[in-house]
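Structural overview for review
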Amino acid sequence: MSLSQAQKKAFRSIGHHLNPVVTVSENGLSEGVMAELDRALSDHELIKIKLAVGDREIRRQAIDELAADARAEVIQVIGKMALLYRRNPKANPKLSNVKRFEAHHGRH
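Computed from a predicted model, the values in this text were never measured in an experiment. Position numbers for residues start from 1 in each chain and track the written sequence from start to end. Under the rules for a predicted model, residues below a pLDDT of 70 receive no local features and side-chain atom pairs below 80 are neither given nor counted, while totals for whole chains, interfaces and linings still include all residues. Only hydrogens and water are set aside when side-chain values are computed; all heavy atoms of the structure are taken into account.

Overview of the overall build of the protein
Test applied: Only runs of H or I of at least four residues qualify as helices and only runs of E of at least two qualify as strands under DSSP, and these elements are numbered from the N terminus. Note on method: radius of gyration uses C-alpha positions; expected globular size equals 2.2 Å times residues raised to 0.38. Here's how the labels work: a residue is buried when its accessible area is under 20% of the maximum for its type, exposed when over 50%, partly exposed in between, all with a 1.4 Å probe on protein chains only. Residue burial considers only the protein chains on display, and all accessible areas are found by Shrake-Rupley using a 1.4 Å probe. For this count, His and the chain ends are skipped, Lys and Arg are scored as positive, and Asp and Glu as negative. Lysine's charge is taken at NZ, arginine's at CZ, aspartate's at CG and glutamate's at CD.
Along its length, the protein carries four helices and four strands. Secondary structure elements of the protein occur, N-terminal to C-terminal, as α-β-α-β-α-β-β-α. For a compact globule of 108 residues, the expected C-alpha radius of gyration is about 13 Å, and the protein comes in at 13 Å, within 12% of that figure. Expressed along its principal axes, the backbone C-alpha trace of the protein runs to roughly 40 × 25 × 25 Å. Residues classed as buried in the protein amount to 42% of the 108 residues present. Total accessible area on the protein is roughly 6,500 Å²; 49% of this is exposed by carbon and sulfur atoms. Where the 18 positive side-chain charges of the protein centre and where its 13 negative ones centre are 9 Å apart.

Okay, here's the thing in structure tokens:
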């Protein structure tokens, strides 16, 4: 899945207003974390995750591993936050962050 720069920009704009729905701690990528990540991506398509890991390189590896395992695309990484996207053609319009905010791309 390859997104255009315009799509990524729109997703970053939407993601700015989101709160993290998945938190990865020092314990790493457990089955519970992966299950929650999969559920969140299926429901919301675009999610923000928080990685409570101190080392920058380990944090980046964890983000890449999460995205690969979840078949998601990394839209943006800032500090300990990452924005991930996985398209769901059957997404509920009331849950999908992309569908809920597509009209204004998160702008007020």
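Re the environment of Ser-13
For Ser-13, the position within the fold is in helix α1 (residues 5-15). The exposure class assigned to Ser-13 is buried, which follows from its relative accessible area of 15%. Along the backbone, Ser-13 and Gly-28 are 15 residues apart, and their C-alpha atoms lie at a distance of 28 Å.

What to know about the sheet that holds strand β4 (residues 81-85)
Condition: Think of it this way: DSSP has to see at least two bridges between two strands before they count as a pair. Simply put, an axis is a line fit to the C-alpha atoms, just over the touching stretch for a helix, and the angle between two N-to-C directions goes from 0 to 180 degrees. Contacts were defined at the residue level, with two residues in contact if any of their heavy atoms lie within 4.5 Å.
Spatially, the four strands line up as an open sheet ordered β1-β2-β4-β3, and their pairing is mixed. At either margin of the open sheet sits one strand with a lone partner, and together these are β1 (20-24) and β3 (73-78). Taking the axes of each pair of neighbouring strands and ignoring which way they run, one obtains an average angle of 25° across the sheet. Looking at chain direction, β1 and strand β2 (residues 46-51) are connected through four bridges and run parallel. By the bridge assignment for β2, Pro-20 is matched with Lys-48. Those strands touched by α1 are β2, β3 and β4, and its axis lies near 55° from that of β3.

Brief notes about the pairing of β2
Where we set the bar: Orient the strands so they point away from the viewer, and a crossover whose first-strand-to-second-strand path over the helix runs clockwise is right-handed.
Where burial is concerned, most of β2 is hidden: five out of the six residues are buried. Crossover handedness for the path β1 to helix α2 (residues 31-44) to β2: right-handed. Bridge analysis of β2 against β4 gives five bridges, and the strand direction is antiparallel. Following the sheet pairing, Lys-50 is matched in β4 by Met-81.

Re the side chain of Arg-86
To be explicit about the condition: By the criterion applied in these results, polar contacts are pairs of N or O atoms within 3.5 Å in which, for protein atoms, one can donate a hydrogen and the other can accept it, and in which residues neighboring in sequence qualify only through two side-chain atoms.
Checked against the element boundaries, Arg-86 lands in the loop between β4 and α4 (97-101). In terms of polar contacts, Arg-86 uses its side chain to reach the side chain of Asp-38, at 2.9 Å. A polar atom in the side chain of Arg-86 sits 2.9 Å from the side chain of Ser-42.

Observations regarding the environment of Val-77
One can find Val-77 in strand β3. Sequence-wise, Val-77 and Lys-50 are 27 residues apart; in three dimensions their C-alpha atoms are separated by 9.9 Å. Other than its neighbours up to four places away in sequence, Val-77 contacts Arg-60, Ile-63 and Ala-82.

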